[in-house]
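Fold and contact review
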Protein chains: 2
Amino acid sequence: MPKRETKKIKPSQEVIKEGPFLVAIHLKGIYMSNYTNSPCAACKFLRRKCTSDCVFAPYFPPEEPTKFANVHRIFGASNVSKILHEVAPHQREDAVNSLAYEAEARLKDPVYGCVGAISVLQRQVLRLQRELEETNADLMRYAGCLGGETTSAYGGRRG
Amino acid sequence: MPKRETKKIKPSQEVIKEGPFLVAIHLKGIYMSNYTNSPCAACKFLRRKCTSDCVFAPYFPPEEPTKFANVHRIFGASNVSKILHEVAPHQREDAVNSLAYEAEARLKDPVYGCVGAISVLQRQVLRLQRELEETNADLMRYAGCLGGETTSAYGGRRG
């Protein structure tokens, strides 16, 4: 029976925790387990020996085989390894989680991948901006009806 | 001198043209040139013969070598080819342009790639939603001051 060590990884300070996408990405990375005698999910998938300096091991624990399978299918192990070597060690967890998110999105939607999410969000921003402009215009009309007597109290969000 | 044919490709009807990201993606795909005697950018990069059934040729014209170099560096030629074979021919242009967008974003930001753009947009949506709620609350207070006499005229965007 291999000895199991559960390591608590400090959540990244740079990824914003708001919104459904990044909450999901972030939560995936909070706890990672290492089996000291088991190969990581990447080495298991690639059928190779998992050495102590394996670049994948800290981010692809054996109990999450799909995470590596997905990034391997979309980016390829060699490209993921290259990206991990390009970024600073403290940023590798975020890099892996964003790659895993992109890979999952591309598998779900081979045409647009996570660019589809960008498109949805851009439309939502445009709709909200228009709605806000219209609401502000209504507010100005109300202020006009009241002779502008409370303009200073409500003026902050106009324009 | 090879004969050059410039072909106008119909812009996709499915990608929304609003917002800076997708406008950029879209514009890249509007015009594509084919050199009848020149290999496409992919075959040139991979130093192989470009045949008439080359899956890359319609989307990687020789005059845009960076587009293929980027997707090759991030996804690998074999994975891009697999994705192109998975999607319907009329969706391949959109697939290539979204892959090119993702690849460029990952090269600019190896840690977050285009997930960084998703994070920025999510924060923008949250900020706009909060601002809209506050503006609607102001509007309700104004309506209260006026005794609700114009409620029906301005009630559409509340709540």
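Use the structure listed above.
The sections below set out a description of the structure shown in this document. (Residues numbered from 1 in each chain as written. Chains lettered and ligands numbered in written order. Predicted model: local features only at pLDDT ≥ 70, side-chain atom pairs only at ≥ 80, totals over all residues. Heavy atoms only, no water.)

**Let's talk about the overall build of chain A**
Under the convention used in this document: Strands here mean DSSP runs of E at least two residues long; helices mean DSSP runs of H or I at least four residues long; both are numbered from the N terminus. The classification of residues rests on relative accessible area computed with a 1.4 Å probe and restricted to protein chains. Under 20% of the type maximum is buried, over 50% is exposed, and intermediate values are partly exposed. Contacts were defined at the residue level, with two residues in contact if any of their heavy atoms lie within 4.5 Å. Surface exposure here means Shrake-Rupley accessible area, sampled with a 1.4 Å probe, where a residue is shielded only by the protein chains that are shown.
Of the regular secondary structure elements, chain A holds 7 helices and 2 strands. Expressed as a percentage of the 159 residues in chain A, the buried residues total 47%. Considering only contacts in chain A between residues 6 or more positions apart, those separated by 24 or more positions represent 54%. Summed over its atoms, the accessible surface of chain A is roughly 8,400 Å², and 55% of this surface lies on carbon and sulfur atoms.

**Quick word on the nonpolar core**
Here is a general trend for soluble globular proteins: nonpolar side chains tend to be buried in one another's company. Which entries qualify depends on this criterion: Joining through side-chain atoms within 4.5 Å is the link that ties buried Ala, Val, Leu, Ile, Met, Phe, Trp, Tyr and Cys residues into a set, and such a set is a nonpolar core.
Membership of the largest hydrophobic core comes to 48 residues, with the highest contact counts inside it found for Phe56(A) and Phe56(B). Looking at this core element by element, the count peaks at 5 residues for helix α5 (residues 92-108) of chain A. The residues touching Phe56(B), leaving out its near neighbours within four places in the chain, are Cys40(B), Ala42(B), Arg48(B), Phe68(B), Ala77(B), Val80(B), Ser81(B) and Leu84(B). Listed in part, the 20 residues of the second largest apolar core include Cys114(A), Leu128(A), Leu132(A) and Tyr101(B).

**Observations concerning the packing of helix α3 (residues 65-74) of chain A against helix α4 (residues 77-86) of chain B**
For clarity, the cut-off: Simply put, an axis is a line fit to the C-alpha atoms, just over the touching stretch for a helix, and the angle between two N-to-C directions goes from 0 to 180 degrees. Here is the rule for angles: anything less than 35 degrees is roughly parallel, anything more than 145 is roughly antiparallel, 65 through 115 is roughly perpendicular, and the remaining ranges are oblique. Side-chain classes are defined by residue name, with Ala, Val, Leu, Ile, Met, Phe, Trp, Tyr, Cys and Pro counting as nonpolar, Asp, Glu, Lys and Arg as charged, and the others, Gly among them, as polar.
At a minimum axis separation of 8 Å, α3(A) and α4(B) run at an interaxial angle of 90 degrees. Considering their axes alone, α3(A) and α4(B) lie roughly perpendicular with respect to each other. Seen from α3(A), the contacting residues are His72(A), Arg73(A) and Ile74(A); seen from α4(B), they are Asn79(B), Ile83(B) and Glu86(B). Of the residues in the contact of α3(A) with α4(B), the class split is 2 nonpolar, 2 polar and 2 charged.

**Quick look at the packing of aromatic side chains**
Heads up, the condition is: Here the aromatic set is Phe, Tyr and Trp, taking the six-membered ring for Trp, and pairing holds for ring centres within 6.5 Å; pairs whose planes are under 30 degrees apart are stacked, those over 60 apart are edge-to-face, and all others are tilted. Charge-over-ring contacts are defined here by two conditions on Lys NZ or Arg CZ: a distance within 6 Å of the ring centre and an angle within 35 degrees of the ring normal.
Counted by the stated rule, this structure contains 10 aromatic pairs over all chains. Taking the centre distance of 5.9 Å and the plane angle of 65 degrees together, the rings of Phe56(B) and Phe60(B) count as edge-to-face. Here Phe56(B) falls in the buried class, since its relative accessible area comes to 2%. Relative accessible area serves as the criterion here: at 0%, Phe60(B) is assigned to the buried category. Taken together, the ring pairs connect Phe45(A), Phe56(A), Phe60(A) and Phe68(A) into an aromatic cluster. Geometry around Phe60(A) places Lys67(A) over its ring, the cationic atom sitting 5.7 Å from the centre.

**Quick word on the pattern of salt bridges**
Where side chains of opposite charge bring their charged atoms close, a pairing between them can arise. Where we set the bar: Salt bridges are identified by distance alone: a Lys or Arg side-chain nitrogen within 4 Å of an Asp or Glu carboxyl oxygen.
For the structure shown, the criterion picks out 10 salt bridges over all chains. The residue Arg73(B) makes a salt bridge to Glu86(A) at a minimum N-O spacing of 3.9 Å. Of this pair, Arg73(B) sits in helix α3 (residues 65-74) while Glu86(A) is found in helix α4 (residues 77-86), placing the two residues in two different chains. When its relative accessible area of 48% is taken as the criterion, Arg73(B) is described as partly exposed. Asp138(B) is the salt-bridge partner of Arg141(B), the closest N and O atoms lying 2.4 Å from each other. You can see Arg141(B) and its partner Asp138(B) sitting in helix α6 (residues 115-145), 3 residues apart, about one turn around the helix. Overall, Arg141(B) belongs to the partly exposed group, its relative accessible area being 43%. Asp138(B) sits in the buried class, given a relative accessible area of 2%.

Take it as geometry only, folks, not as evidence of what the structure does.
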